[in-house]
Amino acid sequence: MSKAKAFQKVEGVPSLYHRAGIYYARLSIGGKRSWRSLDTDKIRLAKKELAKLQSGRLTEVRRRDEPTLHEAIDEVLRFRATRRNVSRPLSPDTIRYHGELAKLAKATLANRKLSSFSDQEILTAVADTGMSASRRKGLFDVYKGAFKRAVELGQVPLNPLAGHIPAQVPRKERQVPTREQLEQICEQMEAMFPEAGKAASMTAKFLAFTGLRWSEAKGVEWKHISKDEVRVEGLNGRLKTQRSRRQIQINPPLRKVLDEIQNIYGKRGRVMPMATIRNYLAKACEALGLEKVGHHDLRAWFCTWCLSSGVDVNTVADWMGDDPTTVLRVYAQMNEEHKREAATKLQ
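What you see is a predicted model; the values in this text were computed from it and never measured. (Residues numbered from 1 in each chain as written. Predicted model: local features only at pLDDT ≥ 70, side-chain atom pairs only at ≥ 80, totals over all residues. Heavy atoms only, no water.)

**Notes on helix α12 (residues 295-308)**
Threshold: Each helix corresponds to a stretch of at least 4 residues labelled H or I by DSSP, and each strand to a stretch of at least 2 residues labelled E; elements are numbered beginning at the N terminus. An expected span of 1.5 Å times one less than the residue number is assigned to each helix. Relative accessibility thresholds used throughout: buried, under 20% of the residue-type maximum; exposed, over 50%; partly exposed, between the two (1.4 Å probe, protein chains only).
With 14 residues, α12 ought to run about 20 Å at 1.5 Å a step, and its terminal C-alpha atoms sit 20 Å apart, in line with that. Of all 14 residues that make up α12, 12 are buried, and the element is covered over most of its length. Here α12 has its buried residues at H295, D297, L298, R299, A300, W301, F302, C303, T304, W305, C306 and L307. Following α12 by one or two positions, G310 has its phi on the positive side, about 95°.

**A word on the packing of aromatic side chains**
Defined as follows: Centres within 6.5 Å make a pair out of two Phe, Tyr or Trp rings, where for Trp the six-membered ring is used; the pair is then stacked when the planes are under 30 degrees apart, edge-to-face when over 60, and tilted otherwise.
Counted according to the given criterion, the structure contains 7 aromatic pairs. Taking 4.8 Å as the distance between ring centres and 85° as the angle between the ring planes, the aromatic pair formed by F193 and Y280 counts as edge-to-face. Note that F193 is positioned in the loop between α7 (179-192) and α8 (197-210) and Y280 in helix α11 (residues 278-288), a separation of 87 residues in sequence. With a relative accessible area of 17%, F193 lands in the buried category. A centroid spacing of 5.2 Å and a plane angle of 25° characterise the contact between W301 and W305, whose relative ring orientation is stacked.

**Quick word on the pairing of strand β6 (residues 246-249)**
What counts here: Think of it this way: DSSP has to see at least two bridges between two strands before they count as a pair.
Burial of β6 is one-sided: the residues R246 and I248 facing one way are buried, the residues Q247 and Q249 facing the other way are not. Sheet analysis places strand β5 (residues 229-232) next to β6, joined by 4 bridges and oriented antiparallel. Looking at β6, one finds that V230 is bridged to I248.

**Considerations on unusual backbone geometry**
Although it is not a glycine, S15 sits at a positive phi angle of roughly 70°. What makes S15 partly exposed here is its relative accessible area of 23%.

**With respect to the pattern of salt bridges**
The following threshold applies: Just to be clear on terms, a salt bridge is a Lys or Arg side-chain nitrogen sitting within 4 Å of an Asp or Glu carboxyl oxygen.
Under the definition given, this model contains 18 salt bridges. Taking the shortest distance from any N to any O, the salt bridge between E75 and R149 comes out at 3.0 Å. Of this pair, E75 sits in helix α3 (residues 69-82) while R149 sits in helix α6 (residues 133-152), and the two are 74 residues apart along the sequence. Ionic pairing is found between K223 and E221, a salt bridge with its closest N-O pair at 3.8 Å.

**Overview of the nonpolar core**
Nonpolar side chains in soluble globular proteins tend to be buried together. Our working rule: In these notes, a set of buried Ala, Val, Leu, Ile, Met, Phe, Trp, Tyr and Cys residues joined through side-chain atoms within 4.5 Å is what counts as a nonpolar core. Contacts are assigned to residue pairs with any non-hydrogen atoms lying within 4.5 Å of each other.
With 52 residues, the main nonpolar core has M189, F206, I225, L258, V271, L298 and C303 as its most contacted residues. Sequence-distant contacts of V271, defined by excluding residues within four places in its chain, comprise F206, V220, E221, W222, I225, L258 and I261. Membership of the second largest hydrophobic core comes to 24 residues, among which are A105, L114, A146 and L161.

By themselves, these figures tell us nothing about what the structure is for.
Below is the structure:
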């Protein structure tokens, strides 16, 4: 269904429509037909706003209510949260991340009226924060979104950041270990740490052969494991996205690790033997002269392992709880040996 068909005409009132309970005006701007939200679900208010809009007085009325920067930031965050479908709400982690960015944005620039800011002032302030590239991009998006929303509401005439595109965050190249190196790391942990090394080794393999996020792995209990698959339901039911709720079919190496964990610890409660292995991994890699491997690198290892083994990207994305684009852009790390082998297949 097209966007236009989603709007319902209000009988007896020219140019007035409604969709999902909100009223809209049908306008002609620069010779092109477009929709404009009247930001109300009340028919009487909608008629008044439409009349103001058609007389040219709506913009003047709304500009008298021009928000400050901090007010505009709060408004755009509220708008982003409420425009999502009820069945697809923002995850707690996303809401928390937006809140952190809003706090940083408010601390970076003073709380003045929106129209008092220039693009250069905002760009300079973002660049001078000294934060990481991804943090600066997120901060820029908050400011740009706040202005965009204010323009949509008719509170300011233009968005000074509309023509600016933040620098792309460079892809993080992860030096994931080979299958043989992963085995060496696990053996090294067992040798270096007689008491905890075996648990650390099994935990590392569980992460590597499932591709689970760390928080997801901590939430996997034996009741989530059947003969053929692992159900991912999150830690205390909390998941990063709706795609995160999934099933991972058990591969042979994973089956071997699960059997090993069961033989040592039994089938009670949480599957993963240890709550954290970061220090064990770091010390084992240092002893072997390898690049340091972390929890997130083991997720990248799983992705690379699957793709190198010939598994199609859509299946890998389903197993990882991500979309194929993210899987290829963020996690896939093909080494030179794999590229050379792939080149020989082209005849």
